[in-house]
Amino acid sequence: MTPISAPFPMSRPRRLRQSQWIRDLVSERQLSASDLIWPIFICAGEGERQPVASMPGVERLSVDLAVEAAKEAVDLGIACIALFPYTDASDKTPGAEEAWNPDNLVNRATRAIKAAVPGLGVMLDVALDPYNSDGHDGIVRDGVIINDETLMALENQALGHAEAGADILGPSDMMDGRIGVIRRALETHDFPDTMILSYAAKYASAYYGPFRDAVGASGALKGDKKTYQMDPANSDEAIREVAIDLSEGADMVMVKPGMPYLDICARVKSEFGVPTYAYQVSGEYAMLAGAIEQGWLDGDKVVLEAMMSFKRAGCDGVLTYFAPRIAQMIF
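Since the structure is predicted, the reported quantities are computational estimates derived from the model, not experimental observations.

Undergrad: An account of the packing of aromatic side chains is requested, with residue identities and associated values reported.
TA: Taken as a whole, this structure holds 10 aromatic pairs when the rule is applied. Look at Phe 41 and Tyr 321: their rings are 5.8 Å apart centre to centre, the planes differ by 15 degrees, and that puts the pair in the stacked class. Here Phe 41, found in strand β1 (residues 36-43), pairs with Tyr 321, found in the loop between β12 (317-319) and α11 (323-330); they are 280 residues apart in sequence, far enough to count as distant. Since its relative accessible area comes to 1%, Phe 41 is described here as buried. Both rings, one in Tyr 203 and one in Tyr 261, keep their centres 4.2 Å apart while their planes meet at 20 degrees; by these two values the pair is stacked. With Tyr 203 in the loop between β9 (195-202) and α6 (209-215) and Tyr 261 in the loop between β10 (252-256) and α8 (262-272), the pair connects residues that are 58 residues apart, well separated along the chain. Joined through ring pairs, the aromatic side chains of Phe 41, Phe 84, Tyr 199, Phe 211, Tyr 279, Tyr 285, Tyr 321 and Phe 322 make up one cluster.

The structure is reproduced here in structure tokens:
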């Protein structure tokens, strides 16, 4: 499309910026609470709040308090929450069996939340790193992450989450073939309506550190994740990964991290036209929250500006720890 405009002074772009009402009227993007997915960390106990030191303002919540957070999400108009467990070291094993324990933290939390607020969407992560004693998203043998053996574990985990009542499964492991395995398992076991939001373009990023603190995976991780997560230098590879996941049965796709990869978000939305999401990851949150806490940035303004950058890049929604703050501002 070729823009057409008259020469100055016949054309004055500032006419459409002179008052708030006209700026609202011609705004190209709108942000609503229904664009938000709120990630929540779950811990053991009752009435338990555990601050995450590297994520100012974020806490791990016991199941009973997670239910209260879910009610808050509904009151604020947030569409969906995503649950992540803080797994005790005693429950971590090389085979990550706790991942498909019917009574693990996120499965119990899902059942409790669905009983209290059935209209709220619940998303559960499908990956082994919170449960793996090696801290990896897959099963490790002699220092190598084994793809196909991991797929069997992910299938068990996905079915356990579906049985607990999860609406959306978010495979974040980046194993080859995992979307097809999970989709076939869901169809075979009578969960045809369970959605898959694939972490299709997940990069081997330095922005994940605070998240690993929050789920207790930092100390366990041996080596790095570069043999399965993507090289930050690559863009075309992301398009291939998204195409594979869609062909295997993903309903929606995600780019992770978020703001450093807005170009990838834009390419994915433009090339595929499918529901596209970004994860404003823990490191992105920590940078903004830390600067806000120090008074170096205007919190409300910078958080909303960041969200609008996702919308401008074509994202249909964002996973963000700022979700309650944003929803309160725009409610």
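Still more to cover.
Undergrad: Break down a nonpolar patch on the surface for me, citing the residues and quoting the values.
TA: On the surface, Leu 16, Trp 21, Leu 25 and Val 26 cluster together into a nonpolar patch covering about 460 Å² of accessible area. One can find Val 26 in the loop between α1 (20-25) and β1. Val 26 sits in the partly exposed class, given a relative accessible area of 38%.

Undergrad: Help me get a handle on the side chain of Arg 178, residues and values and all.
TA: Looking at the element boundaries, Arg 178 is found in helix α5 (residues 178-188). Residue classification places Arg 178 among the buried positions, given a relative accessible area of 2%. With sequence-adjacent residues up to four places away left out, Arg 178 is seen in contact with Leu 151, Leu 154, Pro 171, Asp 173, Ser 198, Tyr 199, Ala 200, Asp 245 and Glu 248.

Undergrad: So what's going on with the pairing of strand β5 (residues 121-126)? Residues and values would help.
TA: Where burial is concerned, most of β5 is hidden: six out of the six residues are buried. Residues Gly 121, Met 123 and Asp 125 of β5 are buried on one face, and the alternating residues Val 122, Leu 124 and Val 126, pointing to the opposite face, are buried as well. Pairing analysis gives four bridges linking strand β4 (residues 80-85) to β5, with the strands arranged parallel. Each residue of the ladder has a partner; that of Cys 80, found in β5, is Gly 121. Once you follow β4 into helix α3 (residues 105-116) and on to β5, the crossover reads as right-handed.

Undergrad: Break down the packing of helix α2 (residues 63-76) against α3 for me, citing the residues and quoting the values.
TA: The geometry of α2 relative to α3 is characterised by a closest axis approach of 9 Å and an angle of 45 degrees between their N-to-C directions. If you check the angle between α2 and α3, you find them oblique. Here α2 runs over α3; the crossing is right-handed. Mapping the contact onto sequence places Val 63, Ala 66, Val 67, Ala 70 and Lys 71 in α2 and Leu 105, Arg 108, Ala 109, Ala 112, Ile 113 and Ala 116 in α3. A class-by-class count of the residues in the contact of α2 with α3 yields nine nonpolar, no polar and two charged.

Procedures and definitions
- Residues numbered from 1 in each chain as written.
- Predicted model: local features only at pLDDT ≥ 70, side-chain atom pairs only at ≥ 80, totals over all residues.
- Heavy atoms only, no water.
- Phe/Tyr/Trp six-rings, centres within 6.5 Å; stacked < 30°, edge-to-face > 60°.
- Helix = DSSP H or I, 4+ residues; strand = E, 2+ residues; numbered from the N terminus.
- Buried < 20%, exposed > 50% of the residue type's maximum accessible area, 1.4 Å probe, protein only.
- Patch = residues over 30% accessible without salt bridge, like charges linked within 9 Å, V, L, I, M, F, W, Y side chains within 5 Å.
- Areas by Shrake-Rupley, 256 points an atom, 1.4 Å probe, with all protein chains shown as cover.
- Salt bridge = Lys/Arg side-chain N within 4 Å of Asp/Glu carboxyl O.
- Contact = heavy atoms within 4.5 Å.
- Pairing = 2+ DSSP bridges.
- Right-handed = clockwise from strand over helix to strand, strands pointing away.
- Axes fitted to C-alpha atoms, helices over the stretch in contact; angles between N-to-C directions.
- Parallel < 35°, antiparallel > 145°, perpendicular 65-115°, else oblique.
- Left-handed = near helix turned anticlockwise from the far one by under 90°.
- Nonpolar A, V, L, I, M, F, W, Y, C, P; charged D, E, K, R; others polar.

Don't take any of this as a statement about function, it's just geometry.
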